[in-house]
Structure formats: C-alpha cells, structure tokens
Amino acid sequence: MSKDNSIDDATLAMDTTQNDKLMEDAGKVHMDEGESWGTGIIKDIKRTVGTHWWTEMTNLNQKTVAVTLLMFISVMAPTLSFGAVYGKETDNRIGAIETILATTWVGVMYSLIGGMPMCIIGSTGPVLAFTKAVVRIAENIDVPFVTFQAWISCWLLFYCCTAAFFDLTRVVRLATRFTDEIFAFLIVSIFVFDAVGDPFSDVGILRYFDPNHPSHEDYAEDENYNYMEVALLSTILGFGTTALIFVFRNFKSTPFFCNDGVRSSLYDFAVTMSVLIMTCVNEFLFSDVDTEQLNVPNKFEPSFQCCDSSCTTFFPDECPDQSEAYGSRDWFVDFSDLNGKGWVPIVAAGPAILAFLLVFLDSGITWHLVNHPNNNLQHGEAYNYDLCLVGMFNFVNGCFGLPWLVATTVPCIIHLNSLAEKDSDGRIVSVQETRLTMFFSHMMVGLSLLVLEVLQLLPMPVLYGVFLFMGLSALPAMQFWNRILLWFQQPSKYPDFVFTRYMDKKKIHMYTIMQLFFFGLVFFVQNYSTISIVFPLMTLLCIPARLYLAPRFFEGWELCLLDGDDTEIDEWVKRKRSSMRSLFFSGTESEREDLSENGPMDEDNAIEEA
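These numbers come from a predicted model, not from an experiment. (Residues numbered from 1 in each chain as written. Predicted model: local features only at pLDDT ≥ 70, side-chain atom pairs only at ≥ 80, totals over all residues. Heavy atoms only, no water.)

**Student:** Report on the pattern of salt bridges, specifying residues and quantitative values.
**Tutor:** Any two side chains of opposite charge can pair, so long as their charged atoms come close to each other. As enumerated under the stated definition, the model contains 12 salt bridges in all. Arg-263 is paired through a salt bridge with Asp-260; the nearest N and O atoms lie 2.4 Å apart. Of this pair, Arg-263 and Asp-260 both sit in helix α12 (residues 260–268), three residues apart, which is roughly one turn of that helix. On the basis of relative accessibility, which here comes to 11%, the residue Arg-263 falls in the buried class. Overall, Asp-260 belongs to the exposed group, its relative accessible area being 53%. (Salt bridge = Lys/Arg side-chain N within 4 Å of Asp/Glu carboxyl O. Helix = DSSP H or I, 4+ residues; strand = E, 2+ residues; numbered from the N terminus. Buried < 20%, exposed > 50% of the residue type's maximum accessible area, 1.4 Å probe, protein only.)

The following block contains the structure:
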C-alpha cells in the first residue's frame, strides 16, 4: 500500500455514520455502587489520612512557601471582603472578625484532619446569598438571626452525617463537566464582578466612579477630596495589580533571567510581589489620594456592639447619643433565645435541608472538579468523610455565631494549578499534594488578627486586582469558556479541540447555548433576593438536565467528546481512528480515493497517533 493512501484527521472527521457504535456507553453517566452503612467513611479515612498524612505534612520546599503566600492572599482577600458584606447583611451579627476566626480554625483543622487537603475551605458567594435569605426568615418569624442559624446548624450536622453514612455523596459523582463548569463559571463570575464592578452591589473597581459610593461619604465635607481622582487611581491600582501578576507569572515560559530558578520564583511569588509593589505605589507615590483601605476592626472582639444589657440594638447606629458601647455580644449563642417560640428548633429543619443541599453541592462539585482524573491526583478522595467534617465545622460555627464555610472553587483551582507541573500542552503531569500550604496560609490568616494595623494599609483596589486575577486565571482551563470564545472566531481557524475535530460546529454551539441557559437560571436565582433561598435546587437541577435532557439532542459520542474525561475521550478517538483505518484498507480503490480526497498523511505518523 502506498503512503499516499493513508488518512488524516480531516478524513477521519468526515464519516460520522459509525460514531455511535464505537463505544456502547459513550456519553452515559453511571452511579457508583454504594458502600454499606458507614463503611464509606471508614474507607475514606484509610485511603487518605491513614495512608498519606505523613508525606503530606513533611514535603516542605520553596514551592510550598510560595504557594502558602499566594493562598494567604487568595484566602485573606475574600475573607475580609465577605466579612464586610456579612456585616451589612446581618446587621453586624457576623462581621470581619467572625469571618477571619471561622476561616482560621476551620482551615487549620481541615489541613490537619481533612481527607482532601488540596481543597481550600472558605466563604463563598452562594453561601452568603443563602445567609441573606436566612436573615429575612429570622426577621419574619421574629427570632434572633444567630439563634436561628445555630438551630439550622444542628440540623445541618445531622443531614451531613446521615448523607455520608448512607454514601449519598455518590450523587455528586453524577455531576459531569456540564454541571461542574456551570458552577465553576458562576463562582468565577462572582470574583470578576466583585473585582470590576458588581451590578447588584456597590463593590468593584469601576464603582468608585459613582459619586455616591460609600467610600466617598466619609469625605463629603472635605473640600480637597476629589472622588474622580480617587476613582482613577483605584482603577490604575486594581487593573495594574492584575496585569503585574500575569507579567510575573509569564516569565516562567520565557528565556529571560539567568536560570529556571529565578523564573520559577517570579512565577511562585507573583501575587505577593504585585500586592506589595502596588501597595507601595499607593502609599508613597500617591499618599495624598485617599483611596479606600481595607476595612479591618481595631481589636479582636465580636462585631456586634450592644447599646444596652439586652444586646438587641447595635451601637452606634441605634443609639447615637451614647458615647461608647455597653459591650459586645457573647461569643456562644444562646439556643434558648427564641422570643417564646418553642417551635423554632423544629421549623429550622426546613431551611436546613436547603442549607444541606447548598453545602453538599458547593463542596461536592468543588471536590469533583479538583479530583477530576485530568488533574492526576494520587492520594485519593474522601467525599463521605469530608462531608461529615464540613457538617461538624459548620455546627461549631453556628454555635459561636460564625459564618458557614465550604470548599471554595476558585481558590481550590488556584491552589491545584500552583502546585502542579504541566507539560507543553498545559496538561497536568503531577501535583505536589501537601497539607502544609493550607495549614500555614490559614495560620497566617489567624495571626493577622495580631497585626490588624498592618492589614489596614492594604488598598481595596489592590485586593480587587487579586480578585480579578483569581477569576481570569481559572477561565482558560474551562472548556465551557473556550466554547463561548468559538462564537467570535473564524470557523476554519478554530483551536484544535477534540470536539472541533470530529463534531459538527452547529452541535457544538447548541451544547454551549444549553449550558448558558442553565447558567443563566442559576445566576438569576442566586442574585434575585426574593427567591435566592432556592438557589441550591437550581444548581441540583443541572445534574438531571445533563442526564436526561442532553441525550435528547446529542448523540452519546458527542456527549463523550464534550462532557467526558480525557481517558474516555482518548479511548473513543483510538477506536475512531482504528475503525476508519480498517474501512480505508478494506474498501475499493474508488472508496479509498474518496476517503483520501482531503489530503494524504504519512502512514507511519497516522499509526503512531492512533
């Protein structure tokens, strides 16, 4: 056979008649077989903590130090920002101090005893949105918010342990790339909107151009204060921080500097250096411009300051005539403070179901993303065990009036990618799986309570720049985002993805539109306060949409290429090439000419690729 009679990828993509027969289960999702009662938790502990704990606690090196500093900033920035928003939404029942405290102790404990230490625990937008809904319910039934939250936390612990005991975390594994990336895209959108300018709140860099922005109110009577001056500098600091981070990180793939060690150090410490540089620019070059600084309390105590001994009114807003607060609320929540409504502990079971679904999905989907086979993690997964831990952590948080915490998607992705080694195609080859980065970074968050004055020097626009980096850096790895970009590209110049190679372009765009539709539903419900409490249900809806709705519009092999993992896709491509090669060599001369009309390819190379 002449080499001119071999086949190329364009030829392979021509024939789709046999694609659905190459793999019988292509594109199908199967639920794992359940573990017997409680054994799933035990196996999780043995597989993770019981096997790899010592290795993960002793692999200290330069990368560990660099990633620790990166994660400190990546965790501290949203912790303080969420703390400020919690203060507004809960009338300071939960504030920055409570958020820092919760993040510190949960992060440190999880790094020591958690089953999947590559996952970062912290505050998230969906949990904040749900907390807002709990505040409104507490106001409607006239009970203190922290008491109501504490009773919900009790039920949440019960639901989490029950689900783990019966291995219900198997349901999360039904979430494919379709659901994972909708949720990840939602979290990324929160980070980007919060950095650039949230249309639903007053946070973000561009919001400083609003003359009524809260940061301008303190200077309303200062004739020398120019809000446009502040807005312009904030824009430079914010977007400059983001740009500087990417510049430092890009040095790793360039020939600049004397060796790989210097380039790797610039990559590892990019965020830390960028924050320090832009903070110094603000502090020394533009010291006469009053940019918004990080809002950090002056001392460590509960955020809610009381007007009197009943501690039901907030100082100074509700007692402006008083010169000082009577005191602060007790750290431990009074479970009996129900305003005479003894039925509240039972009623709390209802919202707790939605809280459980949120915690279950928010953490579960993030765990699923991090433990995806493409990431090459070797130390195992622990869905059931970690769900129990999350339930226990949030029960304790509820008892002390602290915010609920879950696995945070964007910081987890940054953590994973920062500890990963990748090949020239961007695929993860190996990951340094360690507990030290999470342990030290969350320990630093707690120690920051001792140097609150230093934190107050950080300009908010610089932290917004870090937010923007965190969001943008997570986008390139998302297939959903890459398919959206195809709409703005010339079809003949599409990137060489496996689905662009073998699928009809219209079907690719149809799948993207379907994902965008469900993303829009989840995004709308989360941001529309009246119905935001059902946000967990909308997220859960994405799973049956993929399982039962998508197969009505797409063939199994198409779902395999769009929604499968690399192993499944590689197996399908191997069978596709083998099938077409068999057809090529067994066909008539005219059939071979038809199959080869798009141009020959060296047969040795074709066989090697197959």
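Let's pick the thread back up.
**Student:** Please give an account of the layout of surface pockets that cites residues and values.
**Tutor:** As a volume, the second largest pocket reaches approximately 1200 Å³. What lines the second largest pocket is a set of 34 residues, and nearest its centre among them are Arg-177, Asn-374, Arg-427, Ala-477 and Asp-566. Taken together, the elements giving at least two residues each to the lining of the second largest pocket come down to α9 (177–196), α15 (349–370), α17 (409–418), α21 (479–485), α22 (498–502) and α26 (566–586). (1 Å grid on protein atoms, 1.4 Å probe; cavity = no way out; pocket = protein on both sides within 12 Å on 5 of 7 lines; lining within 4 Å. Points joined across faces, edges and corners; volume = space filled by probe spheres on them.)

**Student:** I'd like a rundown of a nonpolar patch on the surface, residues and numbers included.
**Tutor:** A cluster of nonpolar side chains, Met-443, Leu-447, Leu-450, Val-451, Val-454 and Leu-457, forms an exposed patch at the surface whose accessible area comes to about 540 Å². Positionally, Val-451 belongs in the loop between α18 (436–447) and α19 (452–455). (Patch = residues over 30% accessible without salt bridge, like charges linked within 9 Å, V, L, I, M, F, W, Y side chains within 5 Å. Areas by Shrake-Rupley, 256 points an atom, 1.4 Å probe, with all protein chains shown as cover.)

**Student:** Provide a residue-level description of empty space enclosed by the protein, including the pertinent values.
**Tutor:** Remark: the empty space left among the atoms is shown by a probe the size of a water molecule rolled over them. One pass over the full model with this rule turns up four cavities of 30 Å³ or more. Looking at the largest cavity, its volume works out to about 130 Å³. Forming the boundary of the largest cavity are 17 residues, of which Phe-82, Ser-123, Phe-191, Thr-408 and Pro-411 lie nearest the centre. When contributions to the lining of the largest cavity are tallied by element, the ones reaching two or more residues are α5 (62–89), β1 (121–122), α9 and α17. Class assignment for the residues of the lining of the largest cavity results in nine nonpolar, eight polar and no charged. Here the second largest cavity is characterised by a volume of approximately 60 Å³. What lines the second largest cavity is Glu-56, Gly-115, Met-116, Pro-117, Met-118, Val-370, Asn-371, Leu-377, His-379, Gly-380 and Glu-433. Its residues assigned to classes, the lining of the second largest cavity shows five nonpolar, four polar and two charged. (Nonpolar A, V, L, I, M, F, W, Y, C, P; charged D, E, K, R; others polar.)

**Student:** An account of helix α6 (residues 96–113) is needed here, citing residue identities and associated values.
**Tutor:** Across its 18 residues, α6 extends 26 Å between first and last C-alpha, which sits within 8% of the 26 Å expected from 1.5 Å per residue. For α6, a buried count of 13 out of 18 residues is recorded, marking the element as mostly surrounded by other parts of the structure. (Expected span 1.5 Å × (residues − 1).)

**Student:** Explain the packing of helix α8 (residues 145–165) against helix α16 (residues 383–399) residue by residue, including any values.
**Tutor:** Two numbers describe how α8 lies on α16: the axes approach to 8 Å, and their chain directions differ by 165°. On the basis of their axis angle, the class for α8 and α16 is roughly antiparallel. Classified by chirality, the crossing of α16 by α8 is left-handed. Residues Val-146, Ala-150, Ser-153, Cys-154, Leu-156, Leu-157, Cys-160, Cys-161, Ala-163 and Ala-164 of α8 touch α16, and the partners they reach there are Asn-384, Leu-387, Cys-388, Gly-391, Met-392, Asn-394, Phe-395 and Gly-398. Residue composition of the contact of α8 with α16, grouped by class: 13 nonpolar, five polar and no charged. (Axes fitted to C-alpha atoms, helices over the stretch in contact; angles between N-to-C directions. Parallel < 35°, antiparallel > 145°, perpendicular 65-115°, else oblique. Left-handed = near helix turned anticlockwise from the far one by under 90°. Contact = heavy atoms within 4.5 Å.)

**Student:** Give me the lowdown on the packing of α17 against helix α20 (residues 460–474), citing residues and values where you can.
**Tutor:** At a minimum axis distance of 10 Å, the contact between α17 and α20 shows a crossing angle of 70°. It follows that α17 is roughly perpendicular to α20 by the angle criterion. Residues Val-410, Pro-411, Ile-413 and Ile-414 of α17 lie in contact with α20, whose contacting residues are Met-470, Gly-471, Ser-473 and Ala-474.

**Student:** Kindly report on unusual backbone geometry, identifying the contributing residues and their values.
**Tutor:** Trans peptide bonds make up the majority, and among non-glycine residues the majority have a negative phi. A positive phi angle, near 55°, is found at Asn-339, a position not held by glycine. Along the polypeptide, Asn-339 turns up in the loop between β3 (327–328) and α14 (344–347). Exposure remark for Asn-339: the relative accessible area of 43% places this residue in the partly exposed category. In this structure, Asn-376 is a non-glycine residue whose phi angle is positive, near 55°. Following the sequence through the fold, Asn-376 ends up in the loop between α15 and α16. Judged by relative accessible area, Asn-376 falls into the partly exposed class, the value being 30%.

**Student:** Let's hear about the nonpolar core: which residues, and what values?
**Tutor:** Core analysis: the biggest nonpolar cluster contains 167 residues, and Tyr-110, Phe-148, Phe-356, Trp-367, Leu-561 and Trp-572 have the highest contact counts within it. Tallying contributions element by element places α15 first for this core, with 14 residues. In this structure Phe-148 touches Val-134, Ile-137, Ala-138, Ile-141, Val-143, Val-344, Ala-348 and Pro-351, once residues within four positions along its chain are discounted. (Core = buried A, V, L, I, M, F, W, Y, C linked by side-chain atoms within 4.5 Å.)

**Student:** Could you give an account of the environment of Ser-215, with specific residues and numbers?
**Tutor:** Position of Ser-215 relative to the elements: it lies in helix α10 (residues 214–217). Distance in space between the C-alpha atoms of Ser-215 and Asp-202 is 9.7 Å, their sequence separation being 13 residues. Leaving out residues up to four positions away in the same chain, Ser-215 has contacts with Tyr-208, Tyr-225 and Glu-292. A polar atom in the side chain of Ser-215 sits 2.7 Å from the side chain of His-213. (Polar contact = N/O pair within 3.5 Å; in protein donor to acceptor, adjacent residues only side chain to side chain.)

Worth remembering: the numbers are spatial, not functional.
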